[in-house]
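# Observations on chain architecture
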Amino acid sequence: MSPVPPTPLTAQLTKQPTKPLLRTLAGLPSTRPPLWLMRQAGRYLPEYRQTRFEAGGFLDLCYDPERAAEVTLQPIRRFGFDAAILFADILLICQALGQHLEFRENEGPVLDPIRTAGELTRLNPNGIHKTLEPVYEAVGRIKADLPPNCTMIGFAGAPWTVATYMLEGKGSKDYPAAKTWAFGNPIGLNTLMEILIEATVAYLDRQVQAGAEVVQLFDTWAGVLPEAEFRKFCIEPVRRIIAALKARYPTLPVIAFPRGAGIMYDGYAAATGADALGLDYTMPLGWSKDHLWSKHVVQGNLDPRLLVVGGSALAEGVQRLLSTFKGRNHIFNLGHGIVPETPIRHVEELVRLVKGSEALA
């Protein structure tokens, strides 16, 4: 299999030694895959729980630049990951647009649901920066304190996933309101998508200005849509966001994570312009290698529950990934985020296994 072709970033990176994640995203060779984990800052760490307690609540923590930077840096200090991802939440943009948002204990995010197309006039994409300014400050603080070889990742939710929360008012198992809009009111949903595309570009643009070197788009609920709607409401908005960012920052790497997309992963990167594909843990390794690995940088996709179980199951899962994607175009990550009950010693073992593969290369 041929390696991923060099990107426009390659010439820039070959001028000097650089960061493992950026090298892999540029298609450059490495002796081991760069390693970071989704939700690597979180409740499984006692230092995170203490900082969140001091902040007073989840949203208070997100909007406190000093503490948000601190929890972002905690797993870097403890584990030595190759990248730090901004501590925030994909739904902050809903609040910035003018929708009421709160996080309730044992319930998660709760929003005032949008029920009619007329209610979309209340959303103001031009006013998001006043609310999100603390997030940009946190990015700058994190970037200033990162180790030299650690990459700063910014992120946002993809429009479809953010829209599901805005329309449902909370998380959902079958997305009745969002799917009703997708099938029965596509004009209204397109209006919401336009608002979210504009806001997401502006949000990520400011993260890049503040110091983000890579951005990731999380489309957590991409897999709930049929093919036609997937193309309309998942692929097309992400394509437009990436195109707008690339017009401003041609060498900015973008990772897209269309969770649950299944075989629709094939062609997704080409259709959207993403530089790398985050694979969820249901994606078969053989299929991913045959259909994706030769054409794109891939990221993932260890099942987070293997980190909870640990032992030989974890070691075997790590080895399968390392063996399947041995080469220069794989970013080691989970297929979703770390769960709160994950033992710290298992994350330490994961780091040892992945970084130890460098000695065996």
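Note that this is a predicted model, so its numbers are computed, not measured.

### Considering helix H13 (residues 285-293)
Helical periodicity: at 3.6 residues per turn, an α-helix aligns residues three or four positions apart in one direction. All of the buried residues along H13 are Leu 285, Ser 288, Leu 292 and Trp 293. Summarising the axial view, the buried residues of H13 lie within an arc of 75°, below the 170-degree limit, and thus occupy one face. Looking at the packing, one finds that the buried side of H13 touches strand E7 (276-278), strand E8 (297-302) and helix H15 (311-324).

### Here we look at the UniProt feature "domain: Uroporphyrinogen decarboxylase (URO-D)" (unreviewed entry) in the protein
Per the UniProt annotation, the sites labelled "domain: Uroporphyrinogen decarboxylase (URO-D)" (unreviewed entry) are residues 34-43 and 153-169. Secondary structure content for residues 34-43 is 0% helix and 0% strand, while the C-alpha to C-alpha distance between its ends is 23 Å. Taken end to end, residues 153-169 has its terminal C-alpha atoms 28 Å apart, with 59% of it in helix and 29% in strand.

### Concerning the sheet that holds strand E6 (residues 254-258)
Pairing is parallel in the open sheet, where seven strands are placed in the order E1-E4-E5-E6-E7-E8-E9. The open sheet has two edge strands with one neighbour each: strand E1 (83-85) and strand E9 (330-334). Direction aside, neighbouring strands of the sheet carry axes that sit 25° apart on average. Here E1 pairs with strand E4 (residues 151-157) via three bridges, running parallel. The residue bridging Ala 83 from the neighbouring strand is Thr 151, located in E4.

### Remarks on the environment of Arg 78
Tracing the backbone through its elements, the reader meets Arg 78 in helix H5 (residues 65-79). For Arg 78, a relative accessible area of 34% corresponds to the partly exposed category. In sequence terms Arg 78 and Asn 149 are 71 residues apart; their C-alpha atoms lie 15 Å from each other. With residues up to four places along the chain from it excluded, the contact list for Arg 78 reads Leu 45, Pro 46, Glu 47, Ile 344 and Glu 348.

What counts and what doesn't
Residues numbered from 1 in each chain as written. Predicted model: local features only at pLDDT ≥ 70, side-chain atom pairs only at ≥ 80, totals over all residues. Heavy atoms only, no water. Buried < 20%, exposed > 50% of the residue type's maximum accessible area, 1.4 Å probe, protein only. Helix = DSSP H or I, 4+ residues; strand = E, 2+ residues; numbered from the N terminus. Arc of directions from axis to C-beta. Contact = heavy atoms within 4.5 Å. UniProt positions renumbered as here; feature names shortened; annotations may be inferred. Pairing = 2+ DSSP bridges. Axes fitted to C-alpha atoms, helices over the stretch in contact; angles between N-to-C directions.

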